[in-house]
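# Breakdown of the fold
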Amino acid sequence: MNTRKTRAFSFEFFPPKGDQGTDRLRDTIRHLAALKPQYVSVTFGAGGSTRDGTYQTARHIQKTTDLQVVPHLSCLGVSREALQETLERYRDLGVRRIVALRGDKPRGGHGGPPGPFKYANELVSFIRQFGGFSITVGCYPEFHPESPDPQSCMKNFARKVRAGADEAITQYFFSNEAYYTFVDNVHRLGVDVPIVAGLMPITDYQQIARFSTFCGADIPLWIRKRMEAFANDPASQKAFGIEIATRQAEDLLRQGAPGIHFYTLNKAEATLRIWKNLGLFPALKELAPVQASVS
Ligand code: FAD
């Protein structure tokens, strides 16, 4: 199967810390640039820790590659002036798309002043008014942890789209059924933008398990049990994670998902292997398809 021509693929990175992290990201970008994604995105640190890191990383990619770079921007605790200034800097850099988010509330209720915007739909309107950017937003097939119920979560997503989003990327999920049902339901609410599937290959189970508790993504029992059985065998854990993600991606593409956004965690290997397993990049001969039984 080669669906490369009709589907959009994108890769997500986070701003690296320290020399080692910077070197690793550069290496990752060099490998993944060969896959010619539609764009690569750079996350925005909650609490301001990596705000400048996002800009610096985006700038580096823009200046040193021919990749289209898409910075994430979140609005919680950020003034209008700071948002305006950030958008001006990105416009000057030649950025054409932004992933617009609210951002996570600081854990434990501590943090600075809340800022003028409470929700991402307000940031979307602000960016629309500023002009010049396509806008991508986040959405949640297994629902956002703060949402009181699925219906309000989907209505809030529809509100962001009405505010001017052109595309959405989902939080990662491991049950494709959750994605298909979500897409059907939000279509009924009038959402007609592409909903790109966010794919998180599990290469370190403990890390993803921790993160999933916080972001509300469900790891099905059959995956948890298999991963726990591989607790002392990181290579098998990784191989199994890549196999699951490959099967997920195959099914998503077959069922017509408009694209896949890879949460790379700044590492190239899983994405390269999935790409090869899918037959999207047959030239990568040096990587044998990963063998692991999902049954
Ligand atoms: P919103 O759409 O504002 O939703 C937040 C919550 O409020 C939801 O429960 C929603 O249902 C509810 N809500 C929304 N609007 C209203 C309203 N008008 N009235 C009442 N309730 C409402 N976080 C980062 O810090 N940096 C990143 O770079 C980053 N990248 C991400 C990329 C993707 C693709 C995704 C899916 C998430 C990303 N996140 C990132 C996480 C995100 O910031 C958190 O999930 C955050 O808690 C919600 O952001 P949002 O933009 O979806 O918020």
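Model, not experiment: these values are computed from the prediction.

## Brief notes about the sheet that holds strand β4 (residues 97-101)
Reading around the barrel, the eight strands line up as β1-β2-β3-β4-β5-β6-β7-β8 and close back on themselves, with parallel pairing between neighbours. With strand direction ignored, the average angle separating the axes of adjacent strands in the sheet is 30 degrees. Sheet strands touched by helix α5 (residues 150-162): β5 (134-139), β6 (167-170) and β7 (195-199). Its angle to β5, the strand with the most contacts, is close to 175 degrees. The strands touched by helix α6 (residues 176-188) within the sheet are β5, β6 and β7, with β7 carrying the most contacts at an inclination of about 160 degrees.

## As for the packing of α6 against helix α9 (residues 234-254)
Between α6 and α9, the shortest axis-to-axis distance is 10 Å and the interhelical angle comes to 30 degrees. One finds that α6 runs roughly parallel with respect to α9. Here α6 and α9 pass one another in a crossing that is right-handed. Mapping the contact onto sequence places Asn176, Tyr179 and Tyr180 in α6 and Gln248, Asp251 and Leu252 in α9.

## With respect to the site of the ligand
As a structural note, the neighbourhood of the ligand is formed by 23 residues, with Phe44, Asp104, Tyr140, His144 and Lys160 the closest of them. At a separation of 2.7 Å, an oxygen atom of the ligand approaches a polar side-chain atom of Lys160. In the complex, the protein chains occlude 87% of the 970 Å² of accessible area that the ligand would expose alone. Put simply, the parts of the chain that give the shell around the ligand at least two residues each are α4 (120-130) and α5. It is α5 that contributes the most residues to the shell around the ligand, four residues altogether.

So, how was this worked out
- Residues numbered from 1 in each chain as written.
- Predicted model: local features only at pLDDT ≥ 70, side-chain atom pairs only at ≥ 80, totals over all residues.
- Heavy atoms only, no water.
- Pairing = 2+ DSSP bridges.
- Helix = DSSP H or I, 4+ residues; strand = E, 2+ residues; numbered from the N terminus.
- Axes fitted to C-alpha atoms, helices over the stretch in contact; angles between N-to-C directions.
- Contact = heavy atoms within 4.5 Å.
- Parallel < 35°, antiparallel > 145°, perpendicular 65-115°, else oblique.
- Left-handed = near helix turned anticlockwise from the far one by under 90°.
- Near = heavy atom within 4 Å.
- Polar contact = N/O pair within 3.5 Å; in protein donor to acceptor, adjacent residues only side chain to side chain.
- Areas by Shrake-Rupley, 256 points an atom, 1.4 Å probe, with all protein chains shown as cover.

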